[in-house]
Amino acid sequence: MIPKYKPEGMTIHTPENRSYTSSVAGLERAIQNGAILEETALMCDPSMNLYFDLGGIRGIMPREECVLCRPGEVLKDIAVITRVGKPVAFKVTSLCDDEDGSPVAYLSRREAQRECIMQFLNDLIPGDILRVKITHLENFGAFADVGCGISALLPVDSLSVSRISHPRDRLVCGSYIYAAVKSIDDETGRLFLSQKELLGTWEENAARFSPGQTVAGTVRSVETYGVFVELAPNLAGLAELRSDMLPDDLRIGDTAAVFIKSIIPERMKVKLILIDTQSSPADPSPVRYFIDCEQVRHIDRWVYSPAASPRVIETVF
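As the structure is a computational prediction, the values presented were derived from the model and not from experiment.

Regarding the side chain of T21
Inspection of the secondary structure assignment puts T21 in helix α1 (residues 15-21). T21 sits in the buried class, given a relative accessible area of 2%. Excluding residues that lie within four positions of it along the chain, T21 makes contacts with L27, L37, E38, E39, L54 and G55.

As for the nonpolar core
Judged by nonpolar contacts, the single largest core of 27 residues is most densely connected at V146, L171 and L193. Among the secondary structure elements, those contributing two or more residues to this core are α4 (109-119), β7 (129-138), β8 (141-147), β9 (150-155), β10 (176-184) and β11 (191-194). Apart from residues no more than four positions distant in its own chain, L171 is found in contact with I134, L137, A142, L154, L159, I177 and P284. Within the second largest apolar cluster, 22 residues are counted, among which are W202, V219, L274 and Y304.

So, a positive patch on the surface
Residues R267, K269, K271 and R311 make up a contiguous surface patch of positive charge. Within the secondary structure layout, K271 lies in strand β16 (residues 269-278). The class for K271 is partly exposed, based on a relative accessible area of 36%.

As for the packing of aromatic side chains
According to the stated counting rule, one finds six aromatic pairs in the structure shown. Note on Y5 and F120: the rings are 6.1 Å apart at their centroids and 10 degrees apart in plane angle, and the pair reads as stacked. Taken together, the positions of Y5 in the segment before α1 and F120 in the loop between α4 and β7 put the pair 115 residues apart, joining distant regions of the chain. Note on F120: relative accessible area 22%, which makes it partly exposed. Pairing F140 with F143 gives two aromatic rings, centres 6.0 Å apart and planes at 90 degrees, and the pair type is edge-to-face.

So, the pattern of salt bridges
Under the criterion given, the structure shown has 15 salt bridges. The partner of D98 in a salt bridge is R58, with the nearest N and O atoms 3.4 Å apart. Remark: R58 occurs in strand β4 (residues 57-61) and D98 occurs in the loop between β5 (87-97) and β6 (103-108); sequence separation between them is 40 residues. Residue D98 is classed as buried on the basis of its relative accessible area of 18%. Residue R58 is classed as partly exposed on the basis of its relative accessible area of 35%. A salt bridge links E230 to R220, with the nearest nitrogen and oxygen atoms 2.8 Å apart. One end of the pair, E230, is in strand β13 (residues 226-232); the other, R220, is in strand β12 (residues 214-223), with 10 residues separating them in the sequence. On the basis of relative accessible area, E230 is assigned to the buried category, the value being 6%.

A word on α4
Among the residues of α4, R109, A112, Q113, E115 and C116 are the ones counted as buried. Along the axis of α4, the buried positions cluster into a sector of 160 degrees, meaning they face one direction only. Two or three places before R110, at the opening of α4, S108 has a side-chain oxygen 3.4 Å from that residue's backbone nitrogen.

Quick notes on the rules
- Residues numbered from 1 in each chain as written.
- Predicted model: local features only at pLDDT ≥ 70, side-chain atom pairs only at ≥ 80, totals over all residues.
- Heavy atoms only, no water.
- Helix = DSSP H or I, 4+ residues; strand = E, 2+ residues; numbered from the N terminus.
- Buried < 20%, exposed > 50% of the residue type's maximum accessible area, 1.4 Å probe, protein only.
- Contact = heavy atoms within 4.5 Å.
- Core = buried A, V, L, I, M, F, W, Y, C linked by side-chain atoms within 4.5 Å.
- Patch = residues over 30% accessible without salt bridge, like charges linked within 9 Å, V, L, I, M, F, W, Y side chains within 5 Å.
- Areas by Shrake-Rupley, 256 points an atom, 1.4 Å probe, with all protein chains shown as cover.
- Salt bridge = Lys/Arg side-chain N within 4 Å of Asp/Glu carboxyl O.
- Lys, Arg positive; Asp, Glu negative; His and termini not counted.
- Charge placed at Lys NZ, Arg CZ, Asp CG, Glu CD.
- Phe/Tyr/Trp six-rings, centres within 6.5 Å; stacked < 30°, edge-to-face > 60°.
- Arc of directions from axis to C-beta.
- Polar contact = N/O pair within 3.5 Å; in protein donor to acceptor, adjacent residues only side chain to side chain.

Take a look at the structure:
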């Protein structure tokens, strides 16, 4: 049986998924085994039903089966039509013949999501590490698929210690990342995620740099007293401007060449001198995880601040 409870799109091309979705016999086995499958939605009709091609067999997902609504939520048409052209998770609920004698499979994403919640998401606790798929970006954070199309929120201030103005500075829609469960709403069951705890402590990030180096960073804030330059998602320093530079010459998001004057663990400070800047590439750079997220599936506590610092910055899950 194909792996269950993955973000949509992760299993669509697996041999197991294809063995189920390529024949009537495969679909019958899917019903017997309760398998969760994936296929791309090809069309949405005026009644908001989704249509699929399952190896030449027509698949129909009625509107009410497209999304499992939380208590008090109303299914909106936009939640259905935005699935067209994308992989959709589902369970096969029945097989029958149409008026021409051709087989038709009826599908339910709602049932796949219900099982995902009952058998997987309800067992999660804060600190659990998940692989998720980024689906949508807003000013306040990113929405991520945690399994079968079920969304969780990754707030912008939980993406890294270094402050950013928008999640697009870190993330791209459609990308897969690791994140930890930050909290769970007891009433709705909605998950909130955090990534910064996986991106290294101050000491782990600072150990990659040495005074006297000139390195590349990203301008994150321009102030009258200096420029905050991110050297890594969880490490930033304050840079002095060269005498011939003006704050108006700088833009947030620019790539900056900076000289490292000093690294001070007791104060969690990295002092820099800004050498030069240029326009940054449109896509964010891949993040570096300091935890083996394939092997470590849970953390209880994360201490960002170094032992030498009197100020303690930590996350307790």
